[in-house]
Amino acid sequence: MVDKDELAQHIYCSIILEEEVAKAYQKISEKISDKEVAHLLEFIAKDSFKHAAAFKALNAQLTNRTDYEECGTILGAAWAHIVEEARRYAAREDAVTLSELRKILRDFENYEGYAGEEYLTILYAELIKLLANELGLDLQKYKVILEWIIEDEKRHSELLTLIQNKINDKLG
Ligand SMILES: [Fe+2]
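Residues numbered from 1 in each chain as written. Predicted model: local features only at pLDDT ≥ 70, side-chain atom pairs only at ≥ 80, totals over all residues.

**Q** Sorry if this is basic, but what is going on with helix α4 (residues 98–133) here?
**A** The periodicity of an α-helix, 3.6 residues per turn, causes residues three or four positions apart to be oriented the same way. Taking 1.5 Å of rise per residue, 36 residues should cover 52 Å, and α4 covers 50 Å from first to last C-alpha, within 8% of that figure. Along α4, the sharpest change in direction is near 40° and occurs at Ala115. Of all the positions in α4, only Leu101, Phe108, Tyr111, Glu112, Ala115, Tyr119, Leu123, Leu127 and Leu130 are classed as buried. (Helix = DSSP H or I, 4+ residues; strand = E, 2+ residues; numbered from the N terminus. Expected span 1.5 Å × (residues − 1). Bend = angle between axes of the 7 residues up to and from the residue. Buried ≥ 20, exposed ≤ 12 C-beta atoms within 10 Å, placed from the backbone.)

Right, dumping it as C-alpha cells:
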C-alpha cells in the first residue's frame with residue numbers, strides 16, 4: 001500500500017537524481033570540443049531537466065514531506081552513488097577529450113539503465129497503486145507523463161550508443 005507521502009518522497013529523490021544527472025550531461029557537453037557530440041549530450045541534459053520539472057509539477061499536487069536522507073534508505077546505494085558521481089562530473093573544470101568521454105559515457109549509460117529499469121519502474125508502479133486507491137486524486141495525466149519520461153530514457157540509451165559509435169569513428 002503506497003500513500004501520497006511515500007510517492008512524494010520517491011518523486012523528490014527522482015527530482016534530485018534527474019537534476020544532478022542533467023547538470024553532469026550539461027557540464028560535460030560544455031567541456032567537449034567536438035560540436036556534434038556536445039549537442040547530442042546537451043539534448044539529453046535538456047530532457048533530464050525537463051523530467052525534473054515534470055516531477056516537481058507532480059509533487060506540487062501531493063504533500064511536501066521530503067527528506068534527503070531518506071532517499072538513500074528507500075532507493076539504496078545505487079541512487080546515492082549516481083548522485084555523488086554526477087555531482088563530480090558537474091564540477092568538472094578541465095576540457096574532456098573524446099577518448100576520456102568514452103569512459104564517462106559508460107557511467108552515463110549506467111544512469112540511463114538505472115532510470116529506465118529501476119527507479120522509474122518503481123515510481124510508475126507506485127503511481128498506479130495510488131491511482132487505484134485514491135480516486136480523488138487527479139493523477140491520470142501524470143501516469144501518461146511518466147510514460148513519456150520512460151520512453152525518453154530509452155531514447156537516451158540509444159543516443160548514448162550513437163555517441164559511442166560516433167566517437168569510435170572519429171578516433172578510428
Ligand atoms: Fe535519461
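**Q** Is there a simple way to explain the packing of helix α1 (residues 4–31) against helix α2 (residues 35–61) in this structure?
**A** Packed helices, taken two at a time, are described by the angle between their axes plus the distance between the axes. One can describe the packing of α1 onto α2 by two numbers: an axis separation of 8 Å at closest approach and a directional angle of 160°. One element, α1, and the other, α2, form an angle in the roughly antiparallel class. Along this stretch, α1 crosses α2, giving a crossing that reads as left-handed. Counted by class, the contact of α1 with α2 contains 16 nonpolar, 6 polar and 4 charged residues. (Axes fitted to C-alpha atoms, helices over the stretch in contact; angles between N-to-C directions. Parallel < 35°, antiparallel > 145°, perpendicular 65-115°, else oblique. Left-handed = near helix turned anticlockwise from the far one by under 90°. Nonpolar A, V, L, I, M, F, W, Y, C, P; charged D, E, K, R; others polar.)

**Q** I would appreciate a short explanation of α2 in the present structure.
**A** For α2, spanning 27 residues, the distance from its first C-alpha to its last is 40 Å, which sits close to the expected 39 Å at 1.5 Å a residue. Among the residues making up α2, those that are buried are Val37, Leu41, Ile44, Ala45, Ser48, His51, Phe55 and Leu58. Here the buried face of α2 lies against α1, α4 and α5 (140–171). (Contact = placed C-beta atoms within 7 Å.)

**Q** Which parts of the structure should I look at to understand the environment of Gln164?
**A** Counting through the fold element by element, Gln164 comes out in helix α5. You can call Gln164 partly exposed: it has 17 C-beta atoms within 10 Å. If we ignore the near neighbours within four places in the chain, the residues touching Gln164 are Arg102 and Leu105.

**Q** How do you make sense of the packing of α2 against α5 when you look at a structure like this?
**A** In the contact formed by α2 and α5, the axes pass within 10 Å of each other and the chain directions differ by 165°. By the criterion of interaxial angle, the relationship of α2 to α5 is roughly antiparallel. Crossing of α2 over α5 shows left-handed handedness. From α2, Glu36, Val37, Leu40, Phe43, Ile44, Asp47, His51, Ala54 and Leu58 reach across to α5, where they touch Tyr142, Ile145, Ile149, Asp152, His156, Leu159, Ile163, Lys166 and Ile167. Taken together, the residues of the contact of α2 with α5 sort by class into 12 nonpolar, 2 polar and 4 charged.

**Q** How should I be thinking about the confidence of the model for the protein chain in this particular structure?
**A** Close reading of the predicted structure is inappropriate where its pLDDT is low. With 97% of its residues at a pLDDT of 70 or more, the protein chain has an overall mean of 92. Within the protein chain, the element-level pLDDT minimum falls on α4, averaging 90, and the maximum on α2, averaging 95. (pLDDT = per-residue confidence, 0-100.)

**Q** When you look at the environment of Ala91 in this model, what are you seeing that I'm missing?
**A** Locating Ala91 in the fold gives a position in the loop between α3 (68–90) and α4. Among the residues examined, Ala91 registers 10 C-beta atoms within 10 Å and is labelled exposed. Along the chain, Ala91 and Phe49 lie 42 residues apart, while their C-alpha atoms are 17 Å from each other.

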